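Observations on the three-dimensional arrangement
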Amino acid sequence: MSEYSQSHSVGIVAPQTARFSEPLKLRSGATLSDYDLVYETYGALNADRSNAILICHALNASHHVAGTYADDPDNTGWWDNMVGPGKPVDTDRFFVIGVNNLGSCFGSSGPLSVNLATGKAWGADFPIVTVEDWVDAQVRLADRLGITRLLAVMGGSLGGMQALCWSIRYPSRVAHALVIAAAPNLSAQNIAFNEVARQAILSDPQFSDGHFGEKGEKPRLGLRVARMIGHITYISDEQMAEKFGRQLRDGLNFSFAPEFQIESYLRYQGDKFAEYYDANTYLRVTKALDYFDPAAEHGGDLAKALSSARAKFLVVSFTTDWRFAPERSHEIVKALIDNRRDIAYAEIAAPNGHDAFLLEDPRYLATVRAYLNKAFSTLSPTPLTSRERGSVESVPLTSRERGSAESVPLTSGERGSAESVPLPSGENGSVGSPLPSSGGSVDSRIQPAASSAAAQPSPPSWGRAGREGANP
Amino acid sequence: MSIRRDYSVIADWIQPQSRVLDLGCGDGTLFRLLADTRDVTGYGIEIDDDKIPLCIANGVNVLQRDLEGGLRDFDDQSFDCVILSQTLQAMRHTELVLTEMLRIGREAIVTFPNFGYWHVRMQLLMGHMPVSDDLPYQWYDTPNVHLFTIADFDALCAEKGYRVLSRQVLAGDKPVNAFANIRGSLAMYRLTRD
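In what follows, the accompanying structure is described. (Residues numbered from 1 in each chain as written. Chains lettered and ligands numbered in written order. Predicted model: local features only at pLDDT ≥ 70, side-chain atom pairs only at ≥ 80, totals over all residues. Heavy atoms only, no water.)

1. Quick notes on the overall build of chain B
Under the convention used in this document: Numbering of helices and strands starts at the N terminus; helices are DSSP runs of H or I of at least 4 residues and strands are runs of E of at least 2. Note that the radius of gyration is over C-alpha atoms, with the globule rule given as 2.2 Å times the number of residues to the power 0.38. Per-residue accessibility, obtained with a 1.4 Å probe over protein chains only, is compared with the maximum for each type, and a residue is labelled buried under 20%, exposed over 50%, and partly exposed between these values. Shrake-Rupley sampling with a 1.4 Å probe provides the accessible areas, and residues are treated as covered by the protein chains on show and by no other component.
Summing up its helical and strand segments, chain B has seven helices and eight strands in all. Rg of the C-alpha trace for chain B: 16 Å, near the compact-globule value of 16 Å for 194 residues, within the 12% margin. If one aligns the C-alpha atoms of chain B with their principal axes, the spans along those axes are about 45 × 40 × 35 Å. The 194 residues of chain B split such that 53% are buried. Here chain B displays about 9200 Å² of accessible surface, and carbon together with sulfur accounts for 51% of that area.

2. Remarks on the pairing of strand β12 (residues 174-180) of chain A
Residues and elements named next belong to chain A. Quick note on the threshold: When the strands point away from the viewer and the connection leading from the first strand across the helix to the second strand turns clockwise, the crossover is called right-handed. Two strands qualify as a pair provided DSSP detects at least 2 bridges between them.
By the criterion of burial, β12 is predominantly enclosed, with seven of the seven residues buried. Considered for its hand, the β-α-β crossover made up of strand β11 (residues 150-156), helix α3 (residues 158-169) and β12 is right-handed. Pairing between β12 and strand β13 (residues 312-318): five bridges, direction parallel. Bridging across to β13, L178 finds its partner in L314.

3. Considering the interface of chain B and chain A
Convention followed: The contact criterion used throughout is that any non-hydrogen atoms of two residues lie within 4.5 Å. Computed with a 1.4 Å rolling probe, the buried area is the accessible surface lost when two parts are put together, summed over both parts. A pairing counts as a salt bridge when a side-chain nitrogen of Lys or Arg comes within 4 Å of a carboxyl oxygen of Asp or Glu. Under this definition, polar contacts are N or O atom pairs within 3.5 Å; protein pairs additionally need one hydrogen-donor-capable and one acceptor-capable atom, and for neighbouring residues in sequence, both atoms have to be side-chain atoms.
The interface is formed by 18 residues belonging to chain B together with 22 residues belonging to chain A. Contact between chain B and chain A buries roughly 1700 Å² in total, counting both sides, with carbon and sulfur atoms accounting for 54%. When the area that chain B buries against chain A is broken down by residue, the three leading residues are I56(B), Q64(B) and D73(B), summing to 29%. D75(B) is the salt-bridge partner of K334(A), the closest N and O atoms lying 2.9 Å from each other. At the boundary of chain B and chain A, one finds eleven residue pairs in polar contact (both at pLDDT 80 or more). Mapped onto the side of chain B that touches chain A, the elements with two or more residues apiece are α3 (51-57) and β3 (62-64) of chain B. For the side of chain B that touches chain A, the element with the highest residue contribution is α3(B), accounting for four residues.

4. Brief notes about the side chain of N100(A)
All names here are of chain A. Position of N100 relative to the elements: it lies in the loop between β8 (95-99) and β9 (114-115). Under the relative-accessibility criterion, N100 is labelled buried at 0%. Side chain to side chain, N100 and S104 meet in a polar contact 3.0 Å long. Setting aside its immediate chain neighbours within four residues, N100 contacts L37, V38, H57, A61, S62, H63, F106, G107 and S108.

5. A closer look at a nonpolar patch on the surface
All names here are of chain B. Let me state the cut-off plainly: Note that patches include only residues with greater than 30% relative accessible area and no salt bridge, and the join distances are 9 Å for like charges and 5 Å for nonpolar side chains (Val, Leu, Ile, Met, Phe, Trp, Tyr).
Taken together, W118, M122, L125, F179 and I182 make up a surface patch of nonpolar side chains, about 590 Å² in accessible area. Residue contributions to the nonpolar patch peak at three residues, all from helix α5 (residues 118-125). Note on placement: M122 falls in helix α5. For M122, a relative accessible area of 41% gives the class partly exposed.

6. Digging into the nonpolar core
All names here are of chain A. The condition is simple: Think of a nonpolar core as a cluster: buried Ala, Val, Leu, Ile, Met, Phe, Trp, Tyr and Cys residues, connected wherever their side-chain atoms sit within 4.5 Å.
Core analysis: the biggest nonpolar cluster contains 177 residues, and M154, F313 and Y364 have the highest contact counts within it. In contact with F313, not counting residues within four places along its chain, are L164, S167, A177, V179, L306, L336, D342, I343, A344 and Y371. Residues M240, F244, I262 and L266 belong to the second largest nonpolar core, which totals seven residues.

7. A word on the environment of K174(B)
Note on placement: K174(B) falls in strand β7 (residues 174-176). Separated by 38 residues in sequence, K174(B) and P136(B) have C-alpha atoms that sit 19 Å apart.

In structure tokens form, the structure reads like this:
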């Protein structure tokens, strides 16, 4: 029995918006004078506000980490196999926060949102944001929620980089960092893949230097190719061979129409992505990946960069992940050992490549579960007195921030999303499944054979994210 | 729960507040014992997937790595003691592992089943590969690839210049002094480099 089927969902959830009017200085030198962060929470914050876990999303996911929406019951959060009652991130114990990062296209301020200074959508003018900027904004959200110290920050891939960044940048504000399928920076090869993806977008005539929105256009072809490239890097060679091999749809017909199943699979993924994702966001998120390099300001010495960290760490890698291979996690582990930090490191022999962090490998889930159980056991079991509570609650919020705390209801189009058909639980993570990358990754729910019908997905609205692509 | 005799010998050899690396740490029981009784810090290394969550539950800093090749990340003399408990016989590159242990640690503790134990010799005399508490495997399913005796290990230490700081031989959980290579089933060494 999989963990997935044994436990339950957090159920119906609803996103909220926190509006911040204190300017955020960005790493690029630009300043965001005000901005929104869309987030969801699951579980209850305990009396001393010590049980909060922040989940950071990867490339194209969102704040919709777990559960479903009342008006969109198939839209399951992207990490629903990890987060929920009785799941490794147990919402009966922890107060879990999923946040959408700045520059995204799922509700938080980004290219699709309105620049209050001009009254028009930001589009190409939205500044370039970095992992550090995201983390700075997340810290303000924690302040807003009255949380001075997170029990844990966790994420996979780019989400893991945010967890690492938290531990370095805000050492006193995070007790545990869970860094999964991540890397301390991108290799030249990683940057190269990102650059090819960006070039696909930038060279699409419909991109119009990023001002396509004003013209009511969209660089679908560029986004499509960008997603295809990304997808190739998310799954392992072995898995691609196993799922697709050289299977054909209808034999060879000596044309450039899709003949091999892998071709129609990539086209399907590309087309779907081009509908729900924003090109300006894609450019920015891949740049955030490229720029992340905490060791750079320490002469390339990651151990020095991590010398400020005080958190305990869980680092997880997957043996067939060639996008962020285990060797990249070893670098993080080595730097933490050099700093004598407390750390657990698991190297999971999963066949699914980079996507494995989204899937249901029992060894992986058991490791995260054990780690968070241990973290939970360190929490004070006795409720605090009201006097103590009072002092904990006095988080350093500026009066301006407090004044601006407001919750703006979202339209369903703004919500994170998944347009997902849940997989039968037996297929989740099953290697033998015909579903490429299977399990939590909704991307893969379409069988290659179904691709001709699937090649024209119904057009979802902007603001769709969810499990769709938590990678990389 | 009573403490395994070999673990309590190891605990006696470890200085309080040492920095310890436990190779093949299993579910972390030994490291936990050392943390509780000797206030040690450090890491355990384990390859088995199923043991990783158990180590974490025991509060042990476990790193899932292969011992053969996975020790490069540790700097020279960065630990007070490196422990290899009943695992040396399963290593392909015995010499290399010992060299690595004494590169990383100021001291090394090595324990192994003694293939010179009289019970083992008897089974061989009867024509069979030995099976015992310390050698619980059949020849066809054993992870052990290098079986050796106390005399063999003494010879290796002399050849490699490993100085034996302490040695304790056990039969079951009883200490053995005389005729250790015949009467002892488990040998325990505390080594350093000359």
